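Read off the chains here:
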Amino acid sequence: MERSVIFSGFGGQGLLFAGQVLAQAAMAEDREVLWIPSYGPEMRGGTAYCTVIVSEEPVGSPIVERPDVAVVLNPPSHAKFAHTVVPNGVVVTNASLVDSRVEREDVSEIALPLSELASAAGDPRLVSVVALGVVAARTGIVLAGSVHRALVDIVGRKRPQVLDMDVAAFDAGIRAAGGRPIAEILRDEARALDATLRETVPVGREP
Amino acid sequence: MERSVIFSGFGGQGLLFAGQVLAQAAMAEDREVLWIPSYGPEMRGGTAYCTVIVSEEPVGSPIVERPDVAVVLNPPSHAKFAHTVVPNGVVVTNASLVDSRVEREDVSEIALPLSELASAAGDPRLVSVVALGVVAARTGIVLAGSVHRALVDIVGRKRPQVLDMDVAAFDAGIRAAGGRPIAEILRDEARALDATLRETVPVGREP
Amino acid sequence: MTAVAERPADAPFARRTRVLRKGNEAIAEAAIRAGCDAYFGYPITPQAELLEWMARRMPQEGRAFVQAESELGAINMGLGAAACGKRVLVSSSSPGMSLMAEAMSYMAGSEVPIVVVNVMRGGPGLGSIGPGQGDYWQATRGHGHGDYRLPVLAPSSIGEAMDLVAASFEIAERYRTPVILLADGILGQAMEPVEETYRTPPRLAADWALTGADGRPPRVVKSLHLKPEALEQHNRHLRAKEAAIRDAEVRWAGERLDDADLAIVAYGTAARVARTAIARARESGMRVGLFRPITLWPFPDAELRHLATQVRGFLVLEMSAGQMLDDVRLALEGARPIAFHGRTGGMVPMPGEVVAALHRLENRTGGPAR
Amino acid sequence: MTAVAERPADAPFARRTRVLRKGNEAIAEAAIRAGCDAYFGYPITPQAELLEWMARRMPQEGRAFVQAESELGAINMGLGAAACGKRVLVSSSSPGMSLMAEAMSYMAGSEVPIVVVNVMRGGPGLGSIGPGQGDYWQATRGHGHGDYRLPVLAPSSIGEAMDLVAASFEIAERYRTPVILLADGILGQAMEPVEETYRTPPRLAADWALTGADGRPPRVVKSLHLKPEALEQHNRHLRAKEAAIRDAEVRWAGERLDDADLAIVAYGTAARVARTAIARARESGMRVGLFRPITLWPFPDAELRHLATQVRGFLVLEMSAGQMLDDVRLALEGARPIAFHGRTGGMVPMPGEVVAALHRLENRTGGPAR
Amino acid sequence: MTVETRVDDQPRVLYAPPELLADRSTTYCPGCGHGVVHRLVAEVLGELGLGPRTIAVAPVGCSVFAYDFLELDFVEAPHGRAPAVATGIRRVMPDAFVLTYQGDGDLAAIGTGEIVHAAARGEAITAVFVNNGIYGMTGGQMAPTTLVGQRTTSCPNGRDPAFAGAPIPMTEMLAVLPGVAYAARGSVVDASSIGRTKQYLKKACQVQLDRAGFAIVEVLSNCPIGWGMTPVESIEHLRDAVAPVYPPGVIVDRTAPARGG
Amino acid sequence: MTVETRVDDQPRVLYAPPELLADRSTTYCPGCGHGVVHRLVAEVLGELGLGPRTIAVAPVGCSVFAYDFLELDFVEAPHGRAPAVATGIRRVMPDAFVLTYQGDGDLAAIGTGEIVHAAARGEAITAVFVNNGIYGMTGGQMAPTTLVGQRTTSCPNGRDPAFAGAPIPMTEMLAVLPGVAYAARGSVVDASSIGRTKQYLKKACQVQLDRAGFAIVEVLSNCPIGWGMTPVESIEHLRDAVAPVYPPGVIVDRTAPARGG
Amino acid sequence: MSVAPPVAASATASHRRAVRSFIPISIAAARCKGCGLCVAACTKGALELDEGRVNALGYHPVRLTDPSACSSCAICARVCPDAVFTVYAPPKGGDR
Amino acid sequence: MSVAPPVAASATASHRRAVRSFIPISIAAARCKGCGLCVAACTKGALELDEGRVNALGYHPVRLTDPSACSSCAICARVCPDAVFTVYAPPKGGDR
Ligand SMILES: Cc1ncc(C[n+]2csc(CCOP(=O)(O)OP(=O)(O)O)c2C)c(N)n1
Ligand SMILES: Cc1ncc(C[n+]2csc(CCOP(=O)(O)OP(=O)(O)O)c2C)c(N)n1
Ligand code: SF4
Ligand code: SF4
Ligand code: SF4
Ligand code: SF4
Ligand code: SF4
Ligand code: SF4
Ligand SMILES: [Mg+2]
Ligand SMILES: [Mg+2]
């Protein structure tokens, strides 16, 4: 099964980064994944976005017309992407900046003050990481623990001092979306892993 | 019928010019003609040549493997071209510089001290024009009168002062080849033309 | 051959008024007479005399001539002048043409009408300065990047080259497209008698051209369409234009095809060789004709396909390693056997080789015709 | 889609060690690991990260990196370094590739082994920076002037791109020829997990390379053969080499062809779209497979022709206006119906369009298979 | 355009955006100097009344979009070729005012040949050269004008002159050519520099009108995005680090004193 | 090569053609300066013992044939691109001596960008620049260096600076670039000029060996064919008309005095 | 380009006052990219970015904090890359 | 490149004498293109083009008219574009 997430908003909202963390998390779960930016600094201004496709099979078509999840962090991207999600898709809306809401019955829109949560976590530019927490908590595309490890991997390696803020933002997202604190999740996951290992069953999802 | 003449020798021997005069003469006789140089100042040194193809039909293939007439003005071009003429072809050899002779029975080689004749006519660089006189006198590819008019046309227009020398060189070539002086030829031609005109028959060879 | 000293009976005066003209110079003069407003070039053999003619004549006519710093300079000067709606000629030879690839693609994209002459030489690389036809693919596809095709006209005599210069300007302006006039070293360097009949195509209103925005909204001549959707839309427009050109501008000539059961397909100088070869082959009883594409793009594929209903086989003759061959194969799609004969590197095929190739083709197609 | 908050049972640890890598960077690193001695480039979207990766990594490895003044500079630096027998990579995107046309022809003529990456964007002209495949003709024919063809390898995933980098060096050196690695903006910009397995092709003795004539006769790397006879002879040698490449280096991949009665022909990113479309089409009962050329030249024509004995029709899918289409038509010569679907200007076809095109093809070939 | 004013006290407009500047927001990054230079060009052309007869040439670089923001006839040149394109225009449009606008990658790297030869021919063209020391459009790579030690995406450890050479003083180099009637360098560091830059531009336009030769104005500009700085930091850097390497001022003036401004 | 001498009085050889010059006649026209420059290059490389490690780059121009006459490893660059080709060699062959040889069409017209940037990068390359003021190979067209008033096949009425600009002082222009360690101009007007030219060339080679930067020697040369003169006339013209426009001498020397020659 | 009349320059709290008293600059806030160059350049400290607003481009546009401090020097207009400002001379005998 | 021994320098009428007396220059006449630059440059007037000969390249090669006039200054060698000359120092105590 193939699922796709689009992160959209202004440049400077950390969109590409959040997408990369999601992709890394999916890879760590042995899934296939493709990350594509709306590339080109040749394009100045306007809305930026990136897409992540997660799949059990090698990813085919790289362009997503109708994502499963749309993270929309500013008004133009809400206008552009929110209505494109598949039936029963999820829209994560940054209520701090976006007033409008999707007018479709078959979409679950999660509108949260993501920018404010990000500022609270330490930096408004962490807004995409907060959104990633929401995605992890509410869509199950990847495990929250995988995202946590991806953050450690990507951020921790280069800028360990920033990692704490990132994790806090991610945690804020999960909890705003009604999930349990990341610490708890990690503890549970570790226990589950432990059990799995004791059973000496090959780890990972079915092929 | 298609006939071809190759003029070959050193650069500076007026080869391209003589070929052009021949081509112009043939054109004036309403024939089809193609003149091709061994072009390219990108090629320095070595043998230069040009080819003139005269025909009653539009000229097809531009490259002549076996010319009807080869004018060879220096040793390398004698080595290169003299033996390539068709059976019963004509080789006009500049005996001033070339010692060797064609060793074929089916070729008539006319070896004359062309450079000396040219010097006598006023300039050693007129050697090709002398050779053209030989060609006109001995091959009948074009009328001597046509060549004369071509010289007047081409040289007379731009450098009238040079024309006399050219005509002298041409005349020297004709006479060295056993022809009558150009003045006589022109007079006879004029008479013939006169007669033709009086008959009010369209002038020129049959189509 | 018998030496005939004097033949005053062969009356010497021409019935036609023709001048002897070198191909490069004939093309240049034809462009001037066709109303060419500006010429830009850079020296290269075997095209240099075209530039030199223009250097002398254009200032005489009060028109623009610039010897550019390079072929990149020349073609981009061309772009600028043509964007102002002027009639512009640029010329070069193979290596120089390669340097124009980017600008050609830009001009195709920005729909700039211009005529570019390529007097082809032997390649690849610095190659030789002998005549060649190895830029066929470059001219008909692929030269610059991206999807576009340009009209390519290929004369096979100097007189025809002069006619096609005017036609090239006409096509360029009618469709707002660059046009390539594809000649070769022989056509550039040879002299032939030509009739001095020139044609000046009428000027079309250029409501897109840059003149200064005086009293009207500004105009932009450009190829950038940053939104792929917009660029695709623009490409669809270019495709439609190409279709219109395919419909209206195909040119070809047939010779001795009436009774032919074999045909040579050849263009430019190679077609002249074919003509001589056909004459010889017919002497030995073969019934051969010549199919000569004049537009290489649009290629006369329907016409060639039609000919396949008549002849038993085709011989493609090129001064290249088999490039037009693709277009012939695409046109015929296996309908008839195709033989190929090509010379490269500046070599011109000899009629004898071509006759031999015809014999081989004849054998492949079931021996001499009944 | 149901929201599942936590799924600790889906065990989270990867069985494979993979890294997430951007296509441009993966190609660059693969080249370094393949023993690339020198890189020359010039910034252009969507290829810039390749240059940037090299800017950081090559000096670390003590190898040569130069950001040239232009693509002309870059490719000619490549020519110089490769003429010394070094393993050289140059990269660009469409407009920049066009500027390399002349040097590509020179390198083909002087038999300089080098690998050139083109991360194609939408054209023509400045076009868009979206992904494209509109340089197919440019890569497979005609780019520079003169008769020559170059091996063109087209990956369709980032992992494959890494493999093909090593293969490109190998082919370049085995045959002394430039090789083009033809990617597109998606492959350059996307990130995918890749196995970090690299290959360094063994070095062949380069008894032609310039090293200084110390103790041996001087060597010359050149493409000029002023005598057409000599150039033609050299061209024959190049032709023989091309024949050897055709014999030995054709690469392609088939997917789900076993039971297919329709086939999509597509390469690169378009082939990925085809894969998704095929999955969907098969859900609706169609039996469709994928024929994916990996070498665009030599094109797998015999293989495609063979497939024509099995399937009823072909759909050619391109991110261009129909360029590979020519090669498919040349391979099939009318044996089976061919449909075409293409998007241009930076647009990527959607699987739905492709399925629709398959349905149209199916109808043309006599309705759904029995 | 109409400037509405209040009927009661009718305040005089001291400064208004120039008419030749389009009434839409630019696609340039916040604080980007291209905006300032665009405005200056619009002001100067407007003041000289040249808008209706200007044919401008856009480069490839961030400012390729100049045609979206300046209300002028425009042609888009391939990367670096603007001076050749302008030459083509110049030679066929005797009455046109011909303007090129180029970045430093465009003019000083790939377009070196074209600018040198347009200058050498003394083409009656006015060239605006926006030197921001970087390839803005393609993501901040090193330009020929990048400062020694400056980090960019293609010299991550800072430009090392041992490998990449020293920054090119392009305008000084061009000034050697006799065809160059006027060459000056301004900047966007502050309002008075901007004012001087405007004067240079005006003079460079006048040089064309007088057919005195080729005229070029280099403008030292900022690229906050490419430099990894805030707009304000970038302007400080421009003043403190860039301008000392590229001293502003008139570099050459070969026009007759009677004609000079 | 062996110089045979007589056994009886064994005269000392004062001058012999250099070993690196091939023992075949060149394809250059009678009196062409390329022959002299070839010989000087062969002499200098020979005297410095650089023949075995030289990789030379041939231009497109009459001197493309340099590889036929100089016994060196050679690569043929596309027209104008020799400095880029040389840069590629330089960067991968640290021990090689890298030499370019270019005509004025090649270096000062189509190859402007490449020479400027190789110079700006300060590539350790020695560039020989044969300025004969014309495109010899293609039949005598105007070059950027053609004198004002000089007639060529592409300016039949003489070069008019109003249309074609003034001659480009290429070496002076390059000398502005800090990467240029050494730039000089010699000529072939007479034996002593030729001797000085040889010294310039030697110094320019030493600069490369010292890795001091880019070095270029322009040599004013004649093209009797292109100029339409006899060889002797062409040399007189070179002395009387050309040299005053392009004054010979050292144009810039940025090498440390300790290193200078 | 149309320049908004100065009375309509601002819809903020100071709007009321602006209608009545002289406002020396008009700000095309929709074009402002919040770069802050004008803020840094204004020698009177009369400008600030309005953190409370986000315009359609996504930026906090500049606002005039104190019309009476402004000297109509037009420095802001000259440094602004986005042609946001129109500057008016103080009215002769105006209410300032 | 092989340099012809000076004794074999010339096959002209002066050959005889040359074998016996010192010949200061040797001329690779086959390479000479008759450009005349050396003739013009020789301050001793010791050189001339041999109008009586044409070499394989087609030119009148140069010849030394008077060996005794030649000072071995090598000017000819330095101006010759075709590396025609080899120049010898006069033998110490030679027959000159
Ligand atoms: C032939 C070609 N090469 C490269 C590019 C990519 N490219 C676009 S803009 C640019 C340089 C931009 O730098 P600059 O000229 O300094 O302008 P800026 O964006 O800094 O204003 C480059 C290399 C291109 N479009 N075409
Ligand atoms: C791309 C390209 N353009 C043009 C030419 C033709 N061409 C050959 S040599 C040459 C110029 C020769 O002039 P110069 O460099 O001054 O050398 P010279 O022959 O005078 O020594 C030109 C334009 C070419 N071979 N390639
Ligand atoms: S990238 Fe730099 S030059 Fe380009 S718009 Fe942004 S700030 Fe301006
Ligand atoms: S054309 Fe000129 S440069 Fe070329 S070989 Fe002849 S004289 Fe020398
Ligand atoms: S006009 Fe001057 S004082 Fe008023 S806001 Fe602008 S910069 Fe400040
Ligand atoms: S300078 Fe202009 S764009 Fe920047 S904050 Fe001030 S008004 Fe806004
Ligand atoms: S060595 Fe000197 S004196 Fe002797 S021939 Fe030569 S130039 Fe004349
Ligand atoms: S200079 Fe050399 S080539 Fe010229 S005449 Fe003298 S010896 Fe012969
Ligand atoms: Mg820049
Ligand atoms: Mg020259």
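## Concerning the overall build of chain E
Part 1 of the reasoning: Looking only at helices and strands, chain E has ten helices and ten strands in total.
Part 2 of the reasoning: Relative to its length of 261 residues, chain E is compact, with a C-alpha radius of gyration of 18 Å against a globular reference of 18 Å.
Part 3 of the reasoning: Split into buried and exposed, the 261 residues of chain E put 69% on the buried side.
Part 4 of the reasoning: Put simply, of all contacts in chain E between residues at least 6 apart along the chain, 69% involve residues at least 24 apart.
Part 5 of the reasoning: Within chain E, the 25 negative side-chain charges are centred at a point lying 7 Å from the centre of the 20 positive side-chain charges.

## Focus on the relation of the copies chain C and chain D
Part 1 of the reasoning: At an RMSD of 0.0 Å, chain C and chain D line up after a rotation of 180° and a shift of 0.0 Å along the axis. Read as a symmetry element, the transformation amounts to a two-fold axis.
Part 2 of the reasoning: When you check the interface residues of chain C against chain D, 100% turn up at the interface there too, and the contact is symmetric in its surfaces.

## Quick word on the packing of helix H3 (residues 71-83) of chain D against helix H3 (residues 82-92) of chain F
Part 1 of the reasoning: Close contact between H3 of chain D and H3 of chain F brings their axes to 6 Å; oriented N to C, the two are set at 50°. The angle between the axes of H3 of chain D and H3 of chain F places the two elements in the oblique class. For H3 of chain D against H3 of chain F, the interelement crossing comes out right-handed. Residues Gly 73, Asn 76, Met 77, Leu 79, Gly 80 and Ala 81 of chain D of H3 of chain D lie in contact with H3 of chain F, whose contacting residues are Ala 84, Val 85, Thr 87, Gly 88, Ile 89 and Val 92 of chain F.
Part 2 of the reasoning: Tallied by class, residues from the contact of H3 of chain D with H3 of chain F come to seven nonpolar, five polar and no charged.

## With respect to the packing of aromatic side chains
In this description, an aromatic ring pair is defined by two values, namely the gap between the centres and the angle between the planes.
Part 1 of the reasoning: For the structure on display, the rule yields 14 aromatic pairs over all chains.
Part 2 of the reasoning: Each ring, one from Tyr 136 of chain C and one from Tyr 267 of chain C, has its centre 5.7 Å from the other, and the planes form 45°; the classification is tilted. Pair noted here: Tyr 136 of chain C is in helix H6 (residues 136-140) and Tyr 267 of chain C is in the loop between strand S11 (262-265) and helix H10 (268-283), with a separation of 131 residues, a long-range link.
Part 3 of the reasoning: For Tyr 267 of chain C, a relative accessible area of 1% corresponds to the buried category.
Part 4 of the reasoning: Taking the centre distance of 6.3 Å and the plane angle of 70° together, the rings of Tyr 67 of chain F and Phe 74 of chain F count as edge-to-face. The exposure classification of Tyr 67 of chain F matches that of Phe 74 of chain F, with both residues buried.
Part 5 of the reasoning: The positively charged end of Arg 56 of chain C is found above the aromatic ring belonging to Trp 53 of chain C, 4.8 Å away from the centroid.
Part 6 of the reasoning: The side chain of Arg 141 of chain C reaches across the aromatic face of Trp 137 of chain D, ending 5.7 Å from its centre.

## Quick look at the interface of chain C and chain D
A common way to report how large an interface is uses the accessible area buried once the components associate.
Part 1 of the reasoning: Opposite the 57 residues of chain C that make contact, chain D presents 57 residues.
Part 2 of the reasoning: Considering only the surface of chain C that becomes buried against chain D, Pro 124, His 145 and Leu 330 of chain C emerge as the three largest contributors, covering 14% of it.
Part 3 of the reasoning: For the interface between chain C and chain D, the tally reads six salt bridges.
Part 4 of the reasoning: In this structure, Arg 141 of chain D and Asp 326 of chain C form a salt bridge, with 3.5 Å as the shortest nitrogen-oxygen distance.
Part 5 of the reasoning: At the junction of chain C with chain D, the criterion picks out 34 residue pairs in polar contact (both at pLDDT 80 or more).
Part 6 of the reasoning: The biggest single contributor to the side of chain C that touches chain D is helix H9 (residues 228-248) of chain C, with eight residues.

## Looking at the pairing of strand S3 (residues 64-67) of chain C
Residues in a regular strand project their side chains so that they alternate between the two faces of the sheet.
Residue and element names in this part refer to chain C.
Part 1 of the reasoning: Side chains Ala 64 and Val 66 of S3 all project onto a buried face; the interleaved residues Phe 65 and Gln 67 project onto the opposite face, where all are buried too.
Part 2 of the reasoning: Sheet topology note: the strand S2 (residues 38-41)/S3 ladder contains four bridges and is parallel. Residue Tyr 39 lies in a different strand from S3, and its bridge partner there is Phe 65.
Part 3 of the reasoning: For the segment spanning S2, helix H2 (residues 48-60) and S3, crossover handedness is right-handed.

## Let's talk about the pairing of strand S8 (residues 180-187) of chain E
Residue and element names in this part refer to chain E.
Part 1 of the reasoning: Buried residues dominate S8, accounting for eight of its eight residues.
Part 2 of the reasoning: Judged from the seven bridges that link them, S8 and strand S9 (residues 214-220) form a sheet pairing that is parallel. Counted as the bridge partner of Val 180 is Phe 214 from S9.
Part 3 of the reasoning: For the handedness criterion, the β-α-β arrangement of S8, helix H8 (residues 191-209) and S9 is classed as right-handed.
Part 4 of the reasoning: Summarising the sheet, S8 and strand S10 (residues 249-253) pair through four bridges and their orientation is antiparallel.

## Considering the site of ligand 6
Part 1 of the reasoning: In the vicinity of ligand 6 lie 13 residues, with Cys 32, Cys 35, Gly 36, Cys 38 and Cys 80 of chain G positioned nearest.
Part 2 of the reasoning: In terms of residue class, the shell around ligand 6 is built from nine nonpolar, two polar and two charged.

## Notes on the coordination of the magnesium ion (ligand 9)
Residues and elements named next belong to chain E.
Part 1 of the reasoning: In this structure, Asp 104 (OD), Asn 132 (OD1) and Ile 134 (O) serve as the protein donors to the magnesium ion (ligand 9), at separations of 2.0 to 2.1 Å.
Part 2 of the reasoning: Mapping the donors of the magnesium ion (ligand 9) onto the primary sequence gives the spacing D-x27-N-x1-I. Of this pair, Asp 104 sits in helix H4 (residues 104-110) while Ile 134 sits in strand S6 (residues 134-135); the two residues are 30 residues apart in sequence, bridging distant segments of the chain. Of the two residues, Asp 104 and Ile 134, both sit in the buried class.

## Section: the pattern of salt bridges
Part 1 of the reasoning: One pass over the full model with this rule turns up 101 salt bridges over all chains.
Part 2 of the reasoning: Measuring nitrogen to oxygen at the nearest pair gives 2.7 Å for the salt bridge that ties Arg 180 of chain B to Asp 188 of chain B.
Part 3 of the reasoning: By relative accessible area, which is 27% here, Arg 180 of chain B ends up partly exposed.
Part 4 of the reasoning: A salt bridge links Glu 255 of chain D to Arg 275 of chain D; the nearest nitrogen and oxygen atoms lie 2.9 Å apart. Here Glu 255 of chain D, found in strand S10 (residues 252-255), pairs with Arg 275 of chain D, found in helix H10 (residues 268-283); they are 20 residues apart in sequence, far enough to count as distant.

## Topic: the sheet that holds S11 of chain C
Residues and elements named next belong to chain C.
Part 1 of the reasoning: With mixed pairing, the five strands of this open sheet are ordered in space as S10-S12-S11-S14-S15. This sheet does not close on itself; its edge strands, each paired only once, are strand S10 (252-255) and strand S15 (338-342). Sheet twist, expressed as the mean angle between neighbouring strand axes with direction ignored, is 20°.
Part 2 of the reasoning: Contacting S11, strand S12 (288-293), strand S14 (313-318) and S15, helix H12 (residues 324-332) crosses the sheet at an angle of about 160° to S14.

## Observations concerning the nonpolar core
Part 1 of the reasoning: Counting residues in hydrophobic clusters, the biggest one holds 491 residues, and the most contacted among them are Ile 264 of chain C, Ile 264 of chain D, Phe 85 of chain G together with Phe 85 of chain H.
Part 2 of the reasoning: Sequence-distant contacts of Ile 264 of chain D, defined by excluding residues within four places in its chain, comprise Ala 274, Ile 278, Val 288, Gly 289, Leu 290, Phe 291, Leu 315, Leu 317, Val 354 and Leu 358 of chain D.

## Details of the packing of H12 of chain C against helix H12 (residues 324-332) of chain D
Part 1 of the reasoning: One can describe the packing of H12 of chain C onto H12 of chain D by two numbers: an axis separation of 9 Å at closest approach and a directional angle of 65°. One finds that H12 of chain C runs roughly perpendicular with respect to H12 of chain D. The element H12 of chain C and its partner H12 of chain D pack so that their crossing is left-handed. Here Asp 326, Arg 329 and Leu 330 of chain C of H12 of chain C come into contact with H12 of chain D, specifically with Asp 326, Arg 329 and Leu 330 of chain D.
Part 2 of the reasoning: Split into classes, the residues belonging to the contact of H12 of chain C with H12 of chain D amount to two nonpolar, no polar and four charged.

Rules of the game
Residues numbered from 1 in each chain as written. Chains lettered and ligands numbered in written order. Predicted model: local features only at pLDDT ≥ 70, side-chain atom pairs only at ≥ 80, totals over all residues. Heavy atoms only, no water. Helix = DSSP H or I, 4+ residues; strand = E, 2+ residues; numbered from the N terminus. Rg over C-alpha atoms; globule rule 2.2 N^0.38 Å. Buried < 20%, exposed > 50% of the residue type's maximum accessible area, 1.4 Å probe, protein only. Contact = heavy atoms within 4.5 Å. Lys, Arg positive; Asp, Glu negative; His and termini not counted. Charge placed at Lys NZ, Arg CZ, Asp CG, Glu CD. Least-squares fit on C-alpha atoms with pLDDT ≥ 70 in both. Axes fitted to C-alpha atoms, helices over the stretch in contact; angles between N-to-C directions. Parallel < 35°, antiparallel > 145°, perpendicular 65-115°, else oblique. Left-handed = near helix turned anticlockwise from the far one by under 90°. Nonpolar A, V, L, I, M, F, W, Y, C, P; charged D, E, K, R; others polar. Phe/Tyr/Trp six-rings, centres within 6.5 Å; stacked < 30°, edge-to-face > 60°. Lys NZ or Arg CZ within 6 Å of the ring centre and 35° of its normal. Buried area = accessible area lost by both parts, 1.4 Å probe. Salt bridge = Lys/Arg side-chain N within 4 Å of Asp/Glu carboxyl O. Polar contact = N/O pair within 3.5 Å; in protein donor to acceptor, adjacent residues only side chain to side chain. Pairing = 2+ DSSP bridges. Right-handed = clockwise from strand over helix to strand, strands pointing away. Near = heavy atom within 4 Å. Donors = N, O, S within 2.8 Å, 3.2 Å for Na, K, Ca; no water. Core = buried A, V, L, I, M, F, W, Y, C linked by side-chain atoms within 4.5 Å.

On their own, these measurements won't tell you what the molecule is for.
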